[in-house]
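Analysis of the macromolecular model
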Amino acid sequence: MSNKSSVKKLILPLLGLLVLFSISNVVITLMEERDISKHRYWVSHTHEVIEMSDHLLNYLINAETGQRGFLLTGQESYLEPYNEAIHMAKATYEKLRELTADNPSQQLRLLSMKEIMLSKFQELNETISLKRLSRDEEALDIVKSEEGKIYMDNMRSVITEFMMEEDRLLELRNVDFDEGQSFWLMLFIMEGLLLIAVAASLAYILINRLLKPIMNLMTEVSRLDVSASEINSDDEMTRLTTAFHSMNENIIRRTEELECAKEAAEEATRAKSDFLANMSHEIRTPMNAIIGMSHLALQTDLTRKQYNYVEKVHRSGESLLGIINDILDFSKIEAGKLEIENSKFRLEDLFDNLGNLVGLKAEEHGLELLFDLSPDIPTALLGDSLRLGQVLVNLGNNAVKFTEHGEVIVAVEIAEEDDDSVKLHFSVKDSGIGMTPKQMKKLFRSFSQADTSTSRKFGGTGLGLAISKKLTELMRGEIWVESQSGVGSTFHFTALLGKQKGDLSRIRHQDESDLKGLRFLVVDDNDAAREIMSHILDGMGPRVDTAASGKIALSMIEEADGSDPYHVVLTDWKMPEMDGMATVRAIQRDNNLTSTPAVVMMTAHGAEEASSAADGVNIADFLSKPVTRSCLLDATMTALGHEAVSTRRSSHRHNEAEAAIARLRGARLLLVDDNEINQELALELLISN
């Protein structure tokens, strides 16, 4: 009895200490969370203030740009961005006042900003009023004066001081936060050490006072050599021993069952792999014949109806092969047998192929497919171009499938880069139906789409995104999506690729240097297309202006003709009111122009169709959308009378192909295939060369 009492007296205080430490640990955690939440708020607050300060300066620049456009052209449309910029600048100023209401020094800087901003607005309004009164010279004198520049310089200086003060405050808060975190960490460590000491003491007491007698008892029981028949079945120790042996037998039996199940699963996986390998051969053999024979049939003389039938068979066969490939790829991925290659390829070739595969579907849906490639991206790469293209084609086809009007934009930029490799960030943005958060949770699952109605309306196996996710992971990247229902979706993914050694872009860069100093005009009614074209051309060297319609383009060309004429005009074909052909005719028939620019016609509806519509119009080159940097460079070089880069590259590839075919002529080949149809198909393809 005294033994129990002494154990109780030792254990109860230790348990009390454990409870006390647990409560204090919760309090410390809550206090630390409070400090972290407070610090997050101030970091977010500072970033918001700095971002809005930068926006305020940009709004003033936009207002000045709109004013200059109105002064140059007299077009009231330039005042729309001007008025919007003034409105946004005032709203941003008020928001900054609200965010820094507790900081007197920042409020004084904001008052200085307000004075400068109002003075700048007064100067802009004065020049616009003079222009409307046809007092152009007076308006021009104000623009040429240093007063407007002084306003902007002062504004930049005040905003810089404003941002530096916010950075200083954030740094002070970071110091306080770090000191607080150090204090809580030290307290937490001390409490943890005490807790370990208490737990160790409690364990020692339990082992010595409670478990030791039990262990002694078990030792004595193990020495007994008494058969089960000699022991009373009602004895408590007998029942305990029997239960223990039964539990042990169950564990052994379950372990054996798990081993059998594991062997069965491995055998099923091997059977599945063998089955897929066999099915791959059995399915692809007739599909190869269907696609190949229909391809050969399309090269023969067919009536229009026959051509239509055979072409549909060919397309359906390719579509079915795509589904089969998806299923087989998914099975390989599940079995862990899909490997990523590492071979040389050029990024522009991959995007040319992407434009051919996805561009036709986009054209059928009445959509514009646009490519936005950052100019600093290395194009000579090492990786699996087939699998990279598979992900891009999959995401591009999905974007076209779920978009009824607007555009699909495929963009690429550098995420990370070193001397030997580069991680590229790809994005595919559409203006389609979008998704709800609930639907996005179901993405990237096998055999799954956003919902059943989507599958019924748009079709698909539901494997594409699951395969894309696995492929991006194999390329040491990741994939994710941003979407808003009714607005559109943007799919992002990254891929780590190697960089080829050597000066592989030297010719392209030499040709781009020929464009420096020239003046280009981009004409397109699509805002995104104009922005992307201007972005690509800016990286190639020329000075670039944009126009949203043919009428604005004509006005800008006439305005620039006397002093700084345009050398090349790149215009879209299908535009409202005044299309590209009408715009070019008006430019080339304008007798007042002393210098007529060369014209490149851009179209999302096929270059052949645009060429046939260009009756009586002198167009240097036709450019099919989506536009890549390389094909844009080729078109501009052709317009300026130079040899295109791709002509030299394709000529080199053509010469290599011709040389290879020449080496095969007269050679004796043995064709081995157990399928007669495949023999016939391969024979026809070989004879044709």
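Residue positions are given per chain, counted from 1 along the sequence in the order it is written. Local features in this predicted model are restricted to residues of pLDDT 70 or higher, and side-chain atom pairs are both shown and tallied only at a pLDDT of 80 or more, whereas totals for entire chains, interfaces and linings draw on every residue. To obtain the side-chain values, all non-hydrogen atoms of the structure were used and water was disregarded.

**Considering the overall build of the protein**
Starting at the N terminus, helices and strands are each numbered in turn, a helix being any DSSP run of H or I of at least four residues and a strand any DSSP run of E of at least two. Tallying secondary structure elements over the protein gives 20 helices and 12 strands in all. Here the protein holds 689 residues, and the buried ones make up 39% of them. Residues count as neighbours in contact if any of their non-hydrogen atoms are within 4.5 Å of one another. Taking contacts inside the protein between residues at least 6 apart in sequence as the whole, the part at least 24 apart equals 74%. Reported accessibility uses the Shrake-Rupley method at a 1.4 Å probe radius. Residues are deemed covered only where the shown protein chains occlude them. Within the structure as shown, the protein displays about 40,600 Å² of accessible surface, and the carbon and sulfur contribution to it stands at 55%. Burial classes follow relative accessibility: with a 1.4 Å probe on protein chains only, a residue under 20% of its type's maximum area counts as buried, one over 50% as exposed, and anything between as partly exposed.

**Focus on the nonpolar core**
Remark: nonpolar core denotes a set of buried residues (Ala, Val, Leu, Ile, Met, Phe, Trp, Tyr, Cys) joined through side-chain atoms within 4.5 Å. In terms of nonpolar packing, the biggest core is built from 43 residues, with Phe351, Leu388, Leu424 and Phe426 touching the most fellow members. For this core, the leading source of residues is helix 9 (residues 385-401), giving seven residues. Discounting chain neighbours no more than four positions away, the residues touching phenylalanine 351 are Phe371, Leu373, Leu392, Val410, Val412, Phe426 and Thr628. Grouped together as the second largest cluster of nonpolar side chains are 36 residues, Met52, Leu110, Leu124 and Val158 included.

**What about the packing of helix 3 (residues 104-132) against helix 4 (residues 136-144)?**
The convention used is that axes are lines fitted to C-alpha atoms, helices contributing only their stretch in contact, and that angles between N-to-C directions extend from 0 to 180 degrees. Here helix 3 crosses helix 4 at 160°, and the two axes come no closer than 7 Å. Between helix 3 and helix 4, the crossing angle belongs to the class labelled roughly antiparallel. The handedness of the crossing between helix 3 and helix 4 is left-handed. From helix 3, Glu123, Glu126, Thr127, Leu130 and Lys131 reach across to helix 4, where they touch Asp136, Glu138, Ala139, Ile142 and Val143. Each residue gets one label: Ala, Val, Leu, Ile, Met, Phe, Trp, Tyr, Cys and Pro are nonpolar, Asp, Glu, Lys and Arg are charged, and the others, such as Gly, are polar. When its residues are assigned to classes, the contact of helix 3 with helix 4 shows four nonpolar, one polar and five charged. Here roughly perpendicular refers to angles of 65 to 115 degrees, roughly parallel to angles under 35, roughly antiparallel to angles over 145, and oblique to all remaining angles. Definitions for this section: a left-handed crossing has its near helix turned counterclockwise from the far helix by less than a right angle. A right-handed crossing has that turn clockwise.

**Focus on the environment of alanine 495**
If you trace the backbone, alanine 495 turns up in strand 7 (residues 488-499). A residue is classified by how much of its surface remains accessible, and alanine 495, at 0% relative accessible area, is buried. As a C-alpha pair, alanine 495 and methionine 475 span 20 residues in sequence and 5.4 Å in three-dimensional space. The contact partners of alanine 495, leaving out residues within four places of it in the chain, are Leu388, Val422, Lys423, Leu424, Phe426 and Met475.

**Observations regarding the pattern of salt bridges**
The rule for a salt bridge is simple: a side-chain nitrogen of Lys or Arg has to be within 4 Å of a carboxyl oxygen of Asp or Glu. By the definition in use, this model includes 20 salt bridges. For the salt bridge of lysine 120 with glutamate 64, the shortest nitrogen-to-oxygen distance reads 2.8 Å. One end of the pair, lysine 120, is in helix 3; the other, glutamate 64, is in helix 1 (residues 2-73), with 56 residues separating them in the sequence. Neither residue differs from the other here; lysine 120 and glutamate 64 are each classed as buried. Put simply, Glu368, Asp524, Asp572 and Lys625 are held in one network by salt bridges that share partners.

**A closer look at the environment of glycine 517**
Along the chain, glycine 517 falls in the loop between helix 13 (506-513) and strand 8 (519-523). A relative accessible area of 46% places glycine 517 in the partly exposed class. Sequence separation between glycine 517 and proline 542 is 25 residues; the distance between their C-alpha atoms is 5.4 Å. Apart from the residues lying within four places of it in its own chain, the contact partners of glycine 517 are Gly541 and Arg543.

**So, the layout of surface pockets**
A cavity here means a set of 1 Å grid points, computed over protein atoms only, where a 1.4 Å probe fits but cannot escape. A pocket is an open set with protein on both sides within 12 Å along at least 5 of 7 lines, and lining residues have an atom within 4 Å of a point. Grid points are joined across faces, edges and corners, and a volume is the space filled by probe spheres set on the points. A volume near 940 Å³ is recorded for the second largest pocket. Forming the walls of the second largest pocket are 27 residues, and the residues nearest its centre are Thr65, Tyr78, Thr546, Ala547 and Met556. Broken down by secondary-structure element, the contributors of at least two residues to the lining of the second largest pocket are helix 1, helix 2 (79-99), helix 14 (527-538), strand 9 (543-547) and helix 15 (550-561). Here the residues of the lining of the second largest pocket are counted per class, giving 10 nonpolar, eight polar and nine charged.

**Overview of the packing of aromatic side chains**
Two rings belonging to Phe, Tyr or Trp (six-membered ring only in the last case) form a pair when the distance between their centres is within 6.5 Å. Interplanar angles under 30 degrees mark stacking, angles over 60 mark edge-to-face geometry, and anything in between is tilted. All told, the structure shown has two aromatic pairs when counted by the stated rule. Whether a charge sits over a ring comes down to the Lys NZ or Arg CZ being within 6 Å of the ring centre and within 35 degrees of the ring normal. Across from the ring centre of tyrosine 566, 4.3 Å away, lies the NZ or CZ of arginine 519, which sits over that ring. Lying across the ring of tryptophan 573, lysine 574 places its NZ or CZ 4.1 Å from the centre.

**Some words on the pairing of strand 6 (residues 479-484)**
Burial along strand 6 is one-sided: the face carrying Ile479, Val481 and Ser483 is buried and the face carrying Trp480, Glu482 and Gln484 is not. Here the rule is simple: two strands pair whenever DSSP picks up at least two bridges between them. Where strand 6 lies against strand 7, six bridges are found, and the strand directions are antiparallel. Within strand 7, the residue paired with serine 483 across the bridge is serine 489. Taken together, strand 6 and the strand that follows it, strand 7, pair antiparallel across an intervening segment of three residues, in which glycine 486 is found at a positive phi of about 85°.

**Quick word on empty space enclosed by the protein**
One way to see where empty space is left: roll a probe the size of a water molecule over the atoms. Across all of its chains, the model carries two cavities of 30 Å³ or more by this definition. Put simply, the second largest cavity is a space of about 60 Å³. Leu370, Phe371, Ala529, Ile532, Met533, Lys625, Pro626 and Val627 are the residues that line the second largest cavity. Ranked by residue count, the leading element in the lining of the second largest cavity is helix 14, at three residues. Partitioned by chemical class, the residues of the lining of the second largest cavity number seven nonpolar, no polar and one charged.

**Some points on the pairing of strand 7**
The buried fraction of strand 7 amounts to 11 of the 12 residues, a majority that puts the element mostly inside the structure. Of the strand pairs in this sheet, strand 3 (residues 380-383) and strand 7 are connected by two bridges, and their pairing is antiparallel. Residue pairing for strand 7: leucine 382 is matched across the bridge by glycine 498. One ladder, built from nine bridges, connects strand 5 (residues 421-430) with strand 7; its direction is antiparallel. Looking at strand 7, one finds that lysine 429 is bridged to threonine 490.

**A word on the side chain of threonine 100**
With respect to the helices and strands, the residue threonine 100 is situated in the loop between helix 2 and helix 3. Under the relative-accessibility criterion, threonine 100 is labelled buried at 1%.

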